[in-house]
Amino acid sequence: MKNIRAWALPLFLWVPLLLSLILSPLSWGVAIWPAALGLILALWVGWHRQQLLNLTAWFQQPRAVLPPLAAGIWEETFAAGYHWRRDQEAVHRQLTAQLVQLRDALEAMPDAVLLLDGRGQLRWVNQSSTRLLRLQWPEDMGKPLRYWLRTPQMQRFVNGESTSSIQMPAPTNPQHLLEGLRYPLADAGALIIFRDITRIRHLEMVRQDFVANVSHELRSPLTVIRGFVETLIDSPFGGDAEVSPQLKLMEQQTLRMQSLVEDLLTLARMETAGVNPDECETVSVAALVDDYLCALQDRIRAKALVLALRMDHGLGIFSLNVDLGSIVRNLLENAVKYTPSGRRIEIVWERRDNGLCFMVSDSGDGIAPEYLHRITERFYRVDKGRSRQLGGTGLGLAIVKHAVERYQGCLEVQSELGLGSCFTARFPLQMARALPLAEAVSDP
Ligand code: ADP
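Nothing here was measured: the structure is a model prediction, and the numbers come from that model.

## Description of the sheet that holds strand β6 (residues 281–284)
The pairing of strands in a sheet happens through backbone hydrogen bonds and is either parallel or antiparallel. Taken in spatial order, the three strands make up an open sheet running β6-β8-β13, and their pairing is antiparallel. Both outer strands of the open sheet, β6 and β13 (432–434), are each paired with one neighbouring strand and no more. Taking the axes of each pair of neighbouring strands and ignoring which way they run, one obtains an average angle of 50° across the sheet. Pairing analysis gives four bridges linking β6 to strand β8 (residues 315–319), with the strands arranged antiparallel. The partner of threonine 282 across the bridge, within β8, is phenylalanine 318. The sheet contacts of helix α8 (residues 285–295) involve β6 and β8, and relative to β6 the element is tilted by about 50°.

Right, here's the structure in full:
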């Protein structure tokens, strides 16, 4: 329909013109008709061009005011253009309002929010960034964030080359602790959020101190109670058939409480202080395994467990002796505790391509997959009754995980119900140290 109307004017002009041309030799001079035709064509093209210019001029106006009056197909074109511009302006207003709302919400946040482009330069920051990081806005727009966060660790965090979170003292107040989180964006940029975790850290410290203090306070009375119970057991009074079982139970429960207190203190020590390299030494894992197997030998013999050892005696590890002792003791104790009589336990200490590995694998009953991710939580036991009965505190694997992670290592657990479990403590290769031959211990 539009096409017909568009051509209505030209047809209206063309038909009489063509007719006149055909008839021209009969009544007019031959030359006048092409000239008249050219003139009419020029007028027609000129009119359309003028409408097109009007349309362009109208579109270039910043706001959708009413379009100029036009005739024919141009009237419809202007009307369609007007409706389109009005719709676009409504969408634009709505998007702008949403953007302002979003920006206001980000501005109101107590956390520092920073938008970086692909080169790590500041694209936008909120008010809190100026307060927490001493940035100035908009003066610092386009500057690289590494101007403010200069340590290599920070640079790796900003470039997304290391972990997606980091902790650091606030540049404006070193008493305050900030936690930075990095979220990569689709356009190769990143959203970085710094939040003040001073209060959370303080509460965490209060909790750690409380647990450590209570455990410490319980240590001495428990030692006294245990001493008296042992004296009573050894005395003639302890030989009494009625009293003896009760004294034995008291001794057993006191021992349980003592190991609980010791485990809590071990965890508290690991949480409160990092590893001081000055206190580290070259530890022989093979010697530690020998010592703990000696301590466990009665239980190993009683259960007739079969041990298979593959130990690299010349391989030492640069760490705190007490940490490696906790790892070895807890993994060996668990393997002995949870492996049924007559089955096999394999212990491996060796250097692999991906790290130094201490592996304890047993052919016990295994752990169901739904419990696997929780077994390193404090006090988490798959079978509470069985663990208590076997003298477990529920803290052993939590200690192992903490101890391994103190050295940027990781604890890997694989287990299959009915087949057994394999615990691997993996340490960075740079912790490896050669042991002098004298310290290399042979298998027991
Ligand atoms: P617990 O003192 O109870 O042994 P742990 O933290 O050492 O505490 O272990 C947590 C739980 O993981 C245990 O209660 C037990 O259910 C499970 N577990 C640990 N080691 C083994 C193992 N070698 N085989 C089967 N289950 C295990």
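## Examining the domain arrangement of the protein chain
Taken domain by domain, the protein chain consists of domain 1 (2–97), domain 2 (109–196), domain 3 (201–272) and domain 4 (279–439). When each unit is reduced to the centre of its C-alpha atoms, the spacing between domain 3 and domain 4 is 25 Å. Each side of the interface is counted separately: domain 3 has eleven residues, and domain 4 has 17 residues. Buried area between domain 3 and domain 4, summed over both chains or domains, comes out near 1,200 Å², and the portion from carbon and sulfur atoms is 59%. Our count for the contact surface shared by domain 3 and domain 4 stands at three salt bridges. Arginine 269 is the partner of aspartate 323 in a salt bridge, and the nearest nitrogen-oxygen pair spans 3.0 Å.

## Let's talk about the site of the ligand
Close to the ligand lie 18 residues, the nearest being Asn334, Tyr338, Ser387, Gly394 and Leu397. A distance of 3.1 Å separates an oxygen atom of the ligand from a polar atom in the side chain of lysine 337. In the model, an oxygen atom of the ligand is placed 2.8 Å from a nitrogen or oxygen of the threonine 393 main chain. In the complex, the protein chains occlude 96% of the 530 Å² of accessible area that the ligand would expose alone.

## A word on the side chain of serine 215
Relative to the helices and strands, serine 215 resides in helix α6 (residues 198–234). Among the residues examined, serine 215 registers a relative accessible area of 3% and is labelled buried. The contact partners of serine 215, leaving out residues within four places of it in the chain, are Val261, Leu264 and Leu265.

## Here's the deal with a nonpolar patch on the surface
A cluster of nonpolar side chains, Phe210, Val214 and Leu218, forms an exposed patch at the surface whose accessible area comes to about 270 Å². Position of phenylalanine 210 relative to the elements: it lies in helix α6. Owing to a relative accessible area of 56%, phenylalanine 210 belongs among the exposed residues under this scheme.

## Considering helix α7 (residues 243–272)
Because an α-helix completes one turn every 3.6 residues, residues spaced three or four positions apart along the sequence face the same direction. Taking 1.5 Å of rise per residue, 30 residues should cover 44 Å, and α7 covers 43 Å from first to last C-alpha, within 8% of that figure. Within α7 the residues assigned to the buried category are Val243, Ser244, Leu247, Thr254, Gln258, Val261, Asp263, Leu265, Thr266, Leu267, Ala268 and Met270. Those residues of α7 hidden inside the fold are in contact with α6, α10 (321–338) and α13 (396–405).

## Points about the pairing of strand β10 (residues 355–362)
Most of β10 sits inside the fold, with eight of its eight residues counted as buried. Pairing of strand β9 (residues 344–352) with β10, which is carried by eight bridges, proceeds in the antiparallel orientation. What sits directly across from isoleucine 345, in β10, is aspartate 362. Between the antiparallel neighbours β9 and β10 lie two residues. Sheet analysis places β10 next to strand β12 (residues 420–427), joined by six bridges and oriented antiparallel. Residue pairing across strands places methionine 359 opposite threonine 424, the latter belonging to β12.

## Some words on the pattern of salt bridges
Under the counting rule described, the total for this entry stands at 20 salt bridges. Residues arginine 352 and glutamate 350 are paired through a salt bridge, measuring 2.8 Å at the closest nitrogen-oxygen approach. On the accessibility criterion, arginine 352 (26% relative accessible area) is partly exposed. If you follow the salt bridges from partner to partner, you end up with Arg310, Glu346, Glu350 and Arg352 in one network.

## Topic: the pairing of strand β3 (residues 165–170)
Summarising the sheet, β3 and strand β4 (residues 173–184) pair through six bridges and their orientation is antiparallel. Considered in β4, the bridge of glutamine 167 is made with glutamate 179. The antiparallel pairing of β3 with β4 creates a hairpin that spans two residues between the two strands.

## Structural notes on empty space enclosed by the protein
Applying the stated criterion across every chain yields a total of two cavities of 30 Å³ or more. The calculated volume of the second largest cavity comes to roughly 50 Å³. Lining the second largest cavity we find Arg119, Gly120, Pro144, Leu145, Arg146, Gln155, Val158 and Asn159. When grouped by side-chain class, the residues that make up the lining of the second largest cavity number three nonpolar, three polar and two charged.

Thresholds applied
Residues numbered from 1 in each chain as written. Predicted model: local features only at pLDDT ≥ 70, side-chain atom pairs only at ≥ 80, totals over all residues. Heavy atoms only, no water. Pairing = 2+ DSSP bridges. Helix = DSSP H or I, 4+ residues; strand = E, 2+ residues; numbered from the N terminus. Axes fitted to C-alpha atoms, helices over the stretch in contact; angles between N-to-C directions. Contact = heavy atoms within 4.5 Å. Domains from an automatic or database assignment. Buried area = accessible area lost by both parts, 1.4 Å probe. Salt bridge = Lys/Arg side-chain N within 4 Å of Asp/Glu carboxyl O. Near = heavy atom within 4 Å. Polar contact = N/O pair within 3.5 Å; in protein donor to acceptor, adjacent residues only side chain to side chain. Areas by Shrake-Rupley, 256 points an atom, 1.4 Å probe, with all protein chains shown as cover. Buried < 20%, exposed > 50% of the residue type's maximum accessible area, 1.4 Å probe, protein only. Patch = residues over 30% accessible without salt bridge, like charges linked within 9 Å, V, L, I, M, F, W, Y side chains within 5 Å. Expected span 1.5 Å × (residues − 1). 1 Å grid on protein atoms, 1.4 Å probe; cavity = no way out; pocket = protein on both sides within 12 Å on 5 of 7 lines; lining within 4 Å. Points joined across faces, edges and corners; volume = space filled by probe spheres on them. Nonpolar A, V, L, I, M, F, W, Y, C, P; charged D, E, K, R; others polar.

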